[in-house]
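Reading the structure
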Amino acid sequence: MLFRMIRGVLFHQKGKMLLIAVTIALGASLATGMLNVVLGVEEKVNKELKNYGANITVKPKDASLLSDIYDVGEGEALNAAYLREDELGKLKTIFWAFNIVDFTPFLDTRAALKDGSEVQVVGTWFNHHLALPTGEELDAGVAGMRSWWEITDGRWLNEADPNANNEIMVGTALAEEKRWTVGEKIALTGTHGEMDAEIVGIFDAGGDEDSQVFATLDAVQALTDREGKVASIEVSALTTPDNDLARRAARNPAALTSRDYETWYCTAYVSAICYQIQEVITGSVASAVRQVAESEGTILDKTKLLMILITALSLIGSALGISNLVTASVMERAQEIGLLKAIGAKDRSITGVVMAEILITALVGFAVGYFMGFGFAQLIGHSVFGSAIDMDTRVIPIVAGLIALVTIAGSLPAIRMVLRLRPAEVLHGGH
Amino acid sequence: MTKRRMFLRMITASLLRRRSRMLIALLSIGIGATILAGMVTIYYDVPRQMRAQMRSYGANMLLMPDDGETLDREKLARVLTRFSGEALVGAAPYRYVRLDMTSRQQSFTTAGTDFSQVIKTSPYFSVEGGYPEKGREVLVGKEIAETIGVKVGSDMELTWQPTATATGGDAASDRVPGATLTGSAEGWSGGAVSVTAVLDDTAKIKELTIDASTQTAEFGGRTQTEPEFAEQFIGKSLPLELGKDVDALSGATVTSTAVVEALNGARQATAASKPNTVRYTVTGILTTGGEEEGYIFMSLEDMEALTGEDRLDVTELSVSAEEDQLNAYAEAITGSGEGVKARLVKRVTKSETAVLGKLQALVFLVTVVVLLLTMICVSTTMMAVVSERRREIGLRKALGASDGSIRVEFLGEGVFLGILGGVLGAILGFVFAQVVSVNVFGSSITFQPLLLPVTVLVSVAIAAVSCLMPIKRAVAIDPAIVLKGE
């Protein structure tokens, strides 16, 4: 009998139930969409912030001050220390390897031109192809880490070209000063070799790099007889904003309790990643570039908080909307409920029937709404960040619980209220 | 009873009698309007607030003197007036010189700057200890501190080696704090005015003796005989400007000018002529993870006292503006004829544009989705509330009401609810946006007056549309069927 009644309502009052189902579906899709976005936004914004370049620099332990402070020309340093190029792949083997987005080595020198003047030549990776022992393959280099460079003429240097080691890119300021153009050949004389380089691109970096020459790492190593050596590495990593523990750990990891140490080591704090880089790169000091690392934390925190508050507003909005409509629909059925009561139905069974109808409608609405909401999240992910937002399974119970709660909260008091009325009054239609 | 009064009475009666239902409708419109007003306010405010947050990445514009030109503090102040109101977050002037640390036979790049501005332009600087606050204090980069082993509170002696020798001036002694300066300048009709100034520990004038015996006694001579004139120099640091730092003695302008010139000349000459060694206290160790860790920082005043020159190499500006606006500022400054060129720090500006663009698009899409869904939600509720009254519509029709009058009445109710809900929502929405702004960005937002009519209009439109649809259906049906309840 109960099933027949419920079925009756669901099929005979299609219009009304459809309205409820649509509203619940909309509310559920709003909640699902926003929760998925808010849970995925940190990762997406973090990736966007990689635009600002490296947040970690790795230098040899002993040589950090040499060229900066003593004005010793590169390549002449007496006991200059270097990092090993063959160890770079190890960056992708640390605990947080997955968070290392990009990295590139640097080695600079001064090279003489034909007219006797000197230019600074920076050797680096552009789009260096790495095949890791783990089977992973990736392209690392400045092409990904200097997103703000504007190629004013020519193109990016491509390491896949057979002639790549004889190609260079030149900063705008230098190109203007020397009146160099793309395609021109320039003879560069280093401390231990020479290079007949062709300019393939001119870039505007809006900084010191505008007066430098960029060549492949191999080429600069050959110019200065420093095979397999690099002077510094820039690393771009996805990190978790620092908290108190991270700040304590950054000062001295050894002072932490073993439990704190574990927590710190296994969280993607910039200091933890630095520490792990130092473990795999021999004789290195990895330090966080505070300008990037610190700001990243601020922006990430703000964005997350903003999204959480907007989500809270839309959750409250859809909750109120649903419970409102449910209340309205129950009240609309006052006559029917009055009739049921008049022919002797118990309050409890009336409540049961009405609730069952509404909850079944809500379930249908939720199922439709969940997928709609997921679609909205993907729409936002693709159009804003150009990538899908991961489906977070935590969202399902949250939204289901929310829908159940607001549906019950919206209908129960209304049913009670209608039941309290005398059947004759309700049926009569007056209030 | 006139027709209009009857109409009003019907609407108010219906609203009052059917309190609970109308409350539901009002609540529904109110929620919709709140979300509309709140989200739109946030959407418009987020770029501004986020841009302010983005300034934590530091300077996005550099000011440098043109080739062959110089930049000093006065010129900088003039250039900075070109920035409108809140756009300029900070402007940190820098002057770089290499100073010798005699005890270790090493030299370090030292930057003279204004620390109150550095805090604004480089908020990511992490200082162990504190920034220098008084004269003769320095901030040392971490790499240097580790190499030479200084700590917060230690002293270090730095020597400035002049690159050019001074010409002219009556320089006699060091111009460092605590020194005595003597100088002279040409006064009235070629007579020399001589000054002797004793400086205190902070390089401010402690005592000043003026010899104006060559000047006419009743005019220029009074600079020597009237002590009030000399007194106004006490406690001031050099160089001085007449009419700004000190006032000329009336009737003795030429001689007053000569006194100031003599003092300034003495300062310049003494400072430029000799190596200058000063002892500084380290107040903080700087960690940045960048090349700043290899520098020593001191205040511009200390730098000027040490080298005797008011010269700036570069000024870092942190400007809160869009990329186009930044470009406009840079062009205006470069083309202003001040001999200063402005360059954008591409790394910061380009990345900021990219990241902000994404964030804005994110908030935009979220706003659209939320608004769309909320508005549909509102209209379904309104539809439910109205279609409930089909029996009433049928009854009225049966009693002879025309379709038009029924429509007008229901529409009137809808519009009334729309206005009420819209006003309520606009206020609540602003409160919500304010809460978000204060919690997320720590600053408040101003109320957009335009938002009130817009919110009300949208609410009325939604209420009216969602009323009309069910009414149309109810009106179309035969009253008898409606009343029967089928």
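None of the values given here were measured: they were computed from a predicted structure. (Residues numbered from 1 in each chain as written. Chains lettered and ligands numbered in written order. Predicted model: local features only at pLDDT ≥ 70, side-chain atom pairs only at ≥ 80, totals over all residues. Heavy atoms only, no water.)

Topic: the overall build of chain B
Along chain B, the regular secondary structure elements total 15 helices and 13 strands. Projected onto the principal axes, the alpha-carbon positions of chain B cover approximately 120 × 60 × 40 Å. A burial count over chain B gives 51% of its 486 residues as buried. In chain B, the proportion of contacts linking residues at least 24 apart, taken out of those at least 6 apart, comes to 76%. Carbon and sulfur atoms make up 56% of the accessible area of chain B, which amounts to about 21,800 Å² in all. Taken together, the 48 basic and 54 acidic charged side chains of chain B have centroids lying 20 Å from each other. (Helix = DSSP H or I, 4+ residues; strand = E, 2+ residues; numbered from the N terminus. Buried < 20%, exposed > 50% of the residue type's maximum accessible area, 1.4 Å probe, protein only. Contact = heavy atoms within 4.5 Å. Areas by Shrake-Rupley, 256 points an atom, 1.4 Å probe, with all protein chains shown as cover. Lys, Arg positive; Asp, Glu negative; His and termini not counted. Charge placed at Lys NZ, Arg CZ, Asp CG, Glu CD.)

Details of the overall build of chain A
Helix and strand content of chain A: 14 helices and 14 strands. In summary, chain A has a C-alpha radius of gyration of 33 Å against a globular reference of 22 Å for 431 residues, an excess of more than 25%. By its C-alpha atoms, chain A is 110 × 55 × 35 Å across when sized along the principal axes. Out of the 431 residues belonging to chain A, those deemed buried represent 53%. In chain A, the proportion of contacts linking residues at least 24 apart, taken out of those at least 6 apart, comes to 75%. With an accessible surface of roughly 19,100 Å², chain A has 56% of that area assigned to carbon and sulfur atoms. (Rg over C-alpha atoms; globule rule 2.2 N^0.38 Å.)

Some details on the pairing of strand β11 (residues 212-216) of chain A
All names here are of chain A. Burial analysis of β11 places 5 of its 5 residues in the buried class, which makes it a mostly covered element. Here strand β4 (residues 118-124) pairs with β11 via 5 bridges, running parallel. Bridged to Gln120 within β11 is Gln212. As judged from the 3 bridges shared by strand β8 (residues 167-171) and β11, these two strands associate in the antiparallel manner. Opposite Val170, over in β11, you have Val213 as the bridge partner. (Pairing = 2+ DSSP bridges.)

Concerning the confidence of the model for chain B
All names here are of chain B. Across chain B, the average pLDDT comes to 81, with 91% of residues at or above 70. In this model, residues 164-175 is a region of pLDDT below 50 whose contacts with residues beyond four sequence positions or in other chains number 31 contacts. Model confidence for the complex is summarised by a pTM of 0.73, with the ipTM given as 0.78. (pLDDT = per-residue confidence, 0-100.)

Remarks on the side chain of Thr216 of chain A
All names here are of chain A. Tracing the backbone through its elements, the reader meets Thr216 in strand β11. Take Thr216: its relative accessible area is 3%, and that puts it in the buried class. For Thr216, the side chain forms a polar contact with the side chain of Asn165, separated by 2.7 Å. Residue contacts for Thr216: discarding those within four places in its chain leaves Gly123, Thr124, Phe126, Leu157, Glu159, Ala164 and Asn165. (Polar contact = N/O pair within 3.5 Å; in protein donor to acceptor, adjacent residues only side chain to side chain.)

Some thoughts on the pattern of salt bridges
Residues and elements named next belong to chain B. Per the counting criterion, the structure on display carries 34 salt bridges over all chains. Between Glu352 and Arg51 there is a salt bridge, and its shortest N-O distance comes to 3.9 Å. Here the residue Glu352 occupies a position in helix α11 (residues 346-387), and Arg51 occupies one in helix α2 (residues 19-54), the gap between them amounting to 301 residues. Between Arg396 and Glu409 there is a salt bridge, with its nearest N and O atoms 1.9 Å apart. Within this pair, whereas Arg396 is found in helix α12 (residues 390-398), its partner Glu409 is found in helix α13 (residues 403-441), the two being separated by 13 residues in sequence. Take Arg396 and Glu409: they sit in the same class, and that class is buried. (Salt bridge = Lys/Arg side-chain N within 4 Å of Asp/Glu carboxyl O.)

Examining the interface of chain B and chain A
Across the boundary between the two partners, chain B contributes 67 residues, which contact 66 residues of chain A. Together chain B and chain A conceal approximately 6,100 Å² of surface at their shared face, both sides included; 69% is due to carbon and sulfur atoms. Where chain B packs against chain A, one counts 5 salt bridges. Among the salt bridges present, the one from Lys358 of chain B reaches Glu48 of chain A, with a minimum N-O distance of 3.9 Å. Counting across the interface, chain B meets chain A through 13 residue pairs in polar contact (both at pLDDT 80 or more). (Buried area = accessible area lost by both parts, 1.4 Å probe.)

Examining the environment of Thr255 of chain B
Residue and element names in this part refer to chain B. Inspection of the secondary structure assignment puts Thr255 in helix α8 (residues 253-273). The buried category is assigned to Thr255, whose relative accessible area is 2%. Spatially, the C-alpha atoms of Thr255 and Ala212 are 7.9 Å apart, while their sequence positions differ by 43 residues. Every residue in contact with Thr255, bar those within four places of it in the chain, is listed here: Trp188, Val193, Ala212, Gln215, Gly220 and Thr223. Only 2.9 Å separates the side chain of Thr255 from the side chain of Gln215, close enough to count as a polar contact.

Side note on the side chain of Thr124 of chain A
Residue and element names in this part refer to chain A. Turning to its location among the elements, Thr124 is positioned in strand β4. Within the local environment of Thr124, its side chain forms a polar contact with the side chain of Thr104, the two groups lying 2.8 Å apart. Every residue in contact with Thr124, bar those within four places of it in the chain, is listed here: Thr104, Pro105, Phe106, Val142, Glu159, Phe214, Ala215, Thr216 and Leu217.

Concerning the nonpolar core
If you look at the biggest cluster of nonpolar residues, it comprises 110 residues, and the most contacted ones within it are Leu306 of chain A together with Leu362 and Val366 of chain B. It is α11 of chain B that contributes the most residues to this core, 18 residues altogether. Look past the residues within four positions of Leu362 of chain B in its chain and what remains in contact with it is Val37, Val41, Met307, Ile380, Val384 and Phe385 of chain A. Of all hydrophobic cores here, the second largest spans 50 residues; its members include Leu83, Leu138, Leu174 and Ile277 of chain A. (Core = buried A, V, L, I, M, F, W, Y, C linked by side-chain atoms within 4.5 Å.)

Thoughts on the sheet that holds strand β7 (residues 180-186) of chain B
Residue and element names in this part refer to chain B. One open sheet holds the 3 strands; their spatial order is β7-β8-β9, and the pairing between them is antiparallel. At either margin of the open sheet sits one strand with a lone partner, and together these are β7 and β9 (205-211). Each strand of the sheet is rotated relative to its neighbour by a mean of 20 degrees, with strand direction disregarded. Pairing between strand β8 (residues 192-199) and β9: 6 bridges, direction antiparallel. Paired with Val198 across the two strands is Glu207, which belongs to β9. (Axes fitted to C-alpha atoms, helices over the stretch in contact; angles between N-to-C directions.)

Remarks on the environment of Thr159 of chain B
Residue and element names in this part refer to chain B. Tracing the sequence through the fold places Thr159 in strand β6 (residues 155-160). In this structure Thr159 comes out as buried when scored by relative accessible area, which is 5%. Expressed as a C-alpha distance, the spacing of Thr159 and Asp100, which sit 59 residues apart in the sequence, is 5.0 Å. Aside from chain neighbours lying at most four places away, what touches Thr159 is Leu99, Asp100, Thr102, Pro275, Asn276 and Thr277.

Regarding the pairing of strand β3 (residues 106-113) of chain B
Within a regular strand, side chains alternate between the sheet's two faces. Residues and elements named next belong to chain B. Among the 8 residues that make up β3, 7 are buried, leaving the element largely enclosed by the rest of the structure. Note: strand β2 (residues 88-101) against β3, 8 bridges, orientation antiparallel. Bridge pairing links Leu99 to Phe108 in β3. In the sheet, β3 pairs with strand β11 (residues 295-299) via 5 bridges, with the strands oriented parallel. Counterpart to Thr109 in the pairing with β11 is Tyr295.

Some points on unusual backbone geometry
Note on backbone geometry: most residues besides glycine have negative phi, and most peptide bonds are trans. Here the phi dihedral of Asp225 of chain A falls at roughly 55 degrees; this positive angle occurs in a residue that is not glycine. Residues other than glycine seldom take positive phi values, yet Arg136 of chain B does so here, at roughly 55 degrees. Looking at where Arg136 of chain B falls in the secondary structure, it is placed in the loop between β4 (126-129) and β5 (137-141).

Here's the deal with a nonpolar patch on the surface
Residue and element names in this part refer to chain B. Together, Ile419, Val423, Ile427, Val431, Val435, Phe447 and Leu452 line one region of the surface with nonpolar side chains, adding up to about 530 Å² of accessible area. Sort the elements by how many residues they give to the nonpolar patch and α13 lands first, with 5 residues. Locating Val423 in the fold gives a position in helix α13. (Patch = residues over 30% accessible without salt bridge, like charges linked within 9 Å, V, L, I, M, F, W, Y side chains within 5 Å.)

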